[in-house]
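Examination of the molecular architecture
One letter stands for each residue in the lines below.
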Amino acid sequence: MFNDHMAHPRHFGSIPDPDARGRVFNPLCGDNLEMTLRVQDGVIVELKFQTYSCGVAVATCSLLAEKVAGLRVEEAERLGHGDLVAEMGALPADKVHCPNLAFSGLKAVLRDFREREAGKADPHGVLAYEIHPHTASPGERP
Ligand code: FES
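Note that the coordinates shown come from a computational prediction; the quantities given were computed from them, not determined experimentally.

1. So, the overall build of the chain
In terms of helices and strands, the chain carries 5 helices and 4 strands. Scanning the chain from its N terminus toward the C terminus, one meets helices and strands in the order α-β-β-β-α-α-α-α-β. Expressed as a percentage of contacts within the chain between residues at least 6 apart in sequence, the contacts between residues at least 24 apart total 66%.

Okay, here's the thing in structure tokens:
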């Protein structure tokens with residue numbers, strides 16, 4: 001299943017005029033990710049992603065996009081690595097960090113949603129940025 005998400009990622013792309021946008025960039029290896037979100041009445045209708053990264057990160061984004069559809073925002077905020085263990089299986093040691101990019105992206109896009117909800121969104125459209133060093137925990141700033 002994981003390999004299929006790697007070869008055929010679901011929800012790849014960008015939602016036009018989204019309800020939230022989150023971006024993650026790793027200056028160490030150049031990986032980057034943008035997630036966009038559509039929410040209706042507190043429920044996630046769709047999450048889409050665009051990324052320049054490795055296959056494991058792509059597959060994790062694809063799985064996350066499927067997982068969050070239909071969840072309430074607060075449920076998506078509680079998602080962590082443990083929720084995808086069954087789908088991801090055991091990763092090679094040098095790839096264990098890769099899902100962090102996807103989880104950081106999810107954290108960024110949900111944070112942007114909350115900021116917009118609170119009227120704190122960046123008026124220039126440059127919204128939630130997070131640095132994603134391979135050595136950090138998901139969403140953790142260096
Ligand atoms: S090598 Fe950086 S996310 Fe996989």
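2. Observations regarding helix H5 (residues 99-117)
A rise of 1.5 Å per residue sets the reference length of H5, with its 19 residues, at 27 Å; its end C-alpha atoms lie 27 Å apart and thus fit the reference within 8%. Burial of H5 is extensive: 14 of the 19 residues sit out of reach of the surface. Just downstream of H5 lies Gly119, where phi reads positive at about 75°.

3. A few points about the nonpolar core
Ranked by internal contacts, the top residues of the largest apolar core, which has 28 residues, are Met35, Leu37, Cys61, Leu106 and Val109. Only strand S1 (20-25), strand S2 (32-40), strand S3 (43-52), helix H2 (55-68) and H5 provide two or more residues apiece to this core. The biggest single contributor to this core is H2, with 9 residues.

4. Observations concerning the pairing of S2
Bridge count for S1 against S2 is 6 bridges, and the pairing is antiparallel. Among the inter-strand pairings, Phe25 is bridged to a residue of S2, identified as Asn32. Counted between consecutive antiparallel strands, the loop separating S2 from S3 contains 2 residues, among which Asp41 sits at a positive phi close to 50°.

5. Some remarks on the packing of H2 against H5
Geometrically, a packed helix pair is captured by the angle between its two axes and the distance between the axes. Packing of H2 against H5 brings their axes to within 7 Å, and their N-to-C directions diverge by 40°. In terms of their interaxial angle, H2 and H5 are classed as oblique. Considering only the axes of H2 and H5, their crossing is right-handed. Residues Val56, Ala57, Thr60, Cys61 and Leu64 of H2 pack against Pro99, Leu101, Ala102, Gly105 and Leu106 of H5. Considered class by class, the residues forming the contact of H2 with H5 number 8 nonpolar, 2 polar and no charged.

6. Here we look at the confidence of the model for the chain
When pLDDT is averaged along the chain, the result is 85; 82% of the residues meet or exceed 70. Across residues 135-142, confidence stays below pLDDT 50; counting only partners more than four residues off in sequence or on other chains, it has 13 contacts.

7. Concerning H2
Its 14 residues place the ends of H2 20 Å apart at the C-alpha level, agreeing with the 20 Å of an ideal helix rising 1.5 Å per residue. Of all 14 residues that make up H2, 11 are buried, and the element is covered over most of its length. Taken as a whole, H2 has its buried residues at Val56, Ala57, Val58, Ala59, Thr60, Cys61, Ser62, Leu63, Leu64, Ala65 and Val68. Elements in contact with the buried residues of H2: helix H1 (2-7), S2, S3, helix H3 (73-77), helix H4 (85-88) and H5. Looking one or two places after H2, you find Gly70, whose phi comes out positive at around 95°.

Cut-off values and rules
Residues numbered from 1 in each chain as written. Predicted model: local features only at pLDDT ≥ 70, side-chain atom pairs only at ≥ 80, totals over all residues. Helix = DSSP H or I, 4+ residues; strand = E, 2+ residues; numbered from the N terminus. Contact = placed C-beta atoms within 7 Å. Expected span 1.5 Å × (residues − 1). Buried ≥ 20, exposed ≤ 12 C-beta atoms within 10 Å, placed from the backbone. Core = buried A, V, L, I, M, F, W, Y, C linked by C-beta atoms within 7 Å. Pairing = 2+ DSSP bridges. Axes fitted to C-alpha atoms, helices over the stretch in contact; angles between N-to-C directions. Parallel < 35°, antiparallel > 145°, perpendicular 65-115°, else oblique. Left-handed = near helix turned anticlockwise from the far one by under 90°. Nonpolar A, V, L, I, M, F, W, Y, C, P; charged D, E, K, R; others polar. pLDDT = per-residue confidence, 0-100.

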